[in-house]
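Secondary and tertiary structure notes
The lines below spell out each chain.
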Amino acid sequence: MSSIAIIGAGPQLGLAIARTFGTQGFEVALISRSRENLDTLVDKLSAEGVTAAAFPADVLDRDALTQALKDAAARFGGIDVLEYSPVAALTTTLVTPTEAEPAHVQHEIEFQLYGAIAATKAVLPAMREAGAGTLLYTTGAGSIDPVPQVGNVNAAAAALRNWAVNLHKELDGTGVQAAHVGIDVSIGTPAVPGFPTAQPEEISPVYWDLHTTKRDQAELVFSL
């Protein structure tokens, strides 16, 4: 049985990705800060016939994140796919480039880039040994085409994008796929009036495609 670990699992995109992979026979490890929220997602997936389990951890706590992934690998016999898409909305102060202090960017770097690196180091050795696996990293499309209002978030997202694309290059020929997913829409409800919006179920097949039929791609941008 194959498994996917979703870091930053929530009721929108995370749940949709879990369903997309779960309906293909994957077991699902859900990782985020809130045990209560994770248990709700596990119950929903279980009711739909998807095997899922909760592994609470904060991506800012590297040891806890690493342990959660180790526990998930032990529970499911390994991690075949890692998807990284935590959201720091509750702890983020949005600033423009001219307003930004180093601390504004540092917080986002810790959350987006350093968390992704820690998660990758927890699962990649086993993938390389097996000669198979998929590593997927999600950001908003501001990592590619930034907007001033969220300058600090975009800067960290661009760093993660750069790292993911470079990882794809390094892993070429190993059987392990790494790719960046840029989402150029609001998910579920419009963040800004008039901005394109897509439902999570419209976006989640992108991740399945990168795992299966588009393994040569380092990046895929979802837009309408």
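Before reading on, note that the structure itself is shown above.
Every value quoted in this text rests on a predicted model; they were computed, and no experiment measured them.

1. Some remarks on the packing of aromatic side chains
Applying the stated criterion to the full structure yields five aromatic pairs. With 5.0 Å between their ring centres and 75 degrees between their planes, F21 and W208 make a pair best called edge-to-face. Highlighted residues: F21 in helix α1 (residues 13-22) and W208 in helix α7 (residues 205-212), separated in sequence by 187 residues. Accessibility assignment for this pair places F21 and W208 in one class, buried. Between Y137 and W163, the ring centres sit 5.4 Å apart and the planes meet at 80 degrees, which makes this aromatic pair edge-to-face. Of the two residues, Y137 is situated in strand β5 (residues 133-140) and W163 in helix α5 (residues 151-171); the sequence distance between them amounts to 26 residues.

2. Comments concerning the sheet that holds strand β4 (residues 81-84)
Spatially, the seven strands line up as an open sheet ordered β3-β2-β1-β4-β5-β6-β9, and their pairing is parallel. Every interior strand has two partners, whereas the edge strands, β3 (52-54) and β9 (219-222), have only one. Taken pair by pair, the neighbouring strands of this sheet meet at an average axis angle of 15 degrees, ignoring direction. Pairing between strand β1 (residues 3-7) and strand β2 (residues 27-31): five bridges, direction parallel. The partner of S3 across the bridge, within β2, is E27. Along the sheet, helix α4 (residues 102-130) makes contact with β1, β4, β5 and β6 (176-183), crossing β4 at roughly 180 degrees. Sitting on the sheet, α7 is in contact with β4, β5, β6 and β9, with an inclination near 155 degrees to β6.

3. As for the pattern of salt bridges
Within this structure, the stated rule accounts for four salt bridges. Across the salt bridge formed by E48 and R19, the nearest N and O atoms sit 2.7 Å from each other. Separated by 29 residues along the polypeptide, E48 in the loop between α2 (35-47) and β3 and R19 in helix α1 bring together distant segments of the chain.

4. Comments concerning the nonpolar core
Counting residues in hydrophobic clusters, the biggest one holds 34 residues, and the most contacted among them are I7, L69 and L135. Contributing elements (two or more residues each) for this core: β1, β2, α3 (62-76), β4, α4, β5, α5 and β6. The element that contributes the greatest number of residues to this core is α4, accounting for nine residues. Ignoring anything within four residues of it in the chain, the contact list for L69 reads A5, I7, I31, I79, L82, A119, A122 and V123. Core analysis: the second largest hydrophobic core is formed by 32 residues, L15, V181, I203 and L210 among them.

Calculation rules
Residues numbered from 1 in each chain as written. Predicted model: local features only at pLDDT ≥ 70, side-chain atom pairs only at ≥ 80, totals over all residues. Heavy atoms only, no water. Phe/Tyr/Trp six-rings, centres within 6.5 Å; stacked < 30°, edge-to-face > 60°. Helix = DSSP H or I, 4+ residues; strand = E, 2+ residues; numbered from the N terminus. Buried < 20%, exposed > 50% of the residue type's maximum accessible area, 1.4 Å probe, protein only. Pairing = 2+ DSSP bridges. Axes fitted to C-alpha atoms, helices over the stretch in contact; angles between N-to-C directions. Contact = heavy atoms within 4.5 Å. Salt bridge = Lys/Arg side-chain N within 4 Å of Asp/Glu carboxyl O. Core = buried A, V, L, I, M, F, W, Y, C linked by side-chain atoms within 4.5 Å.

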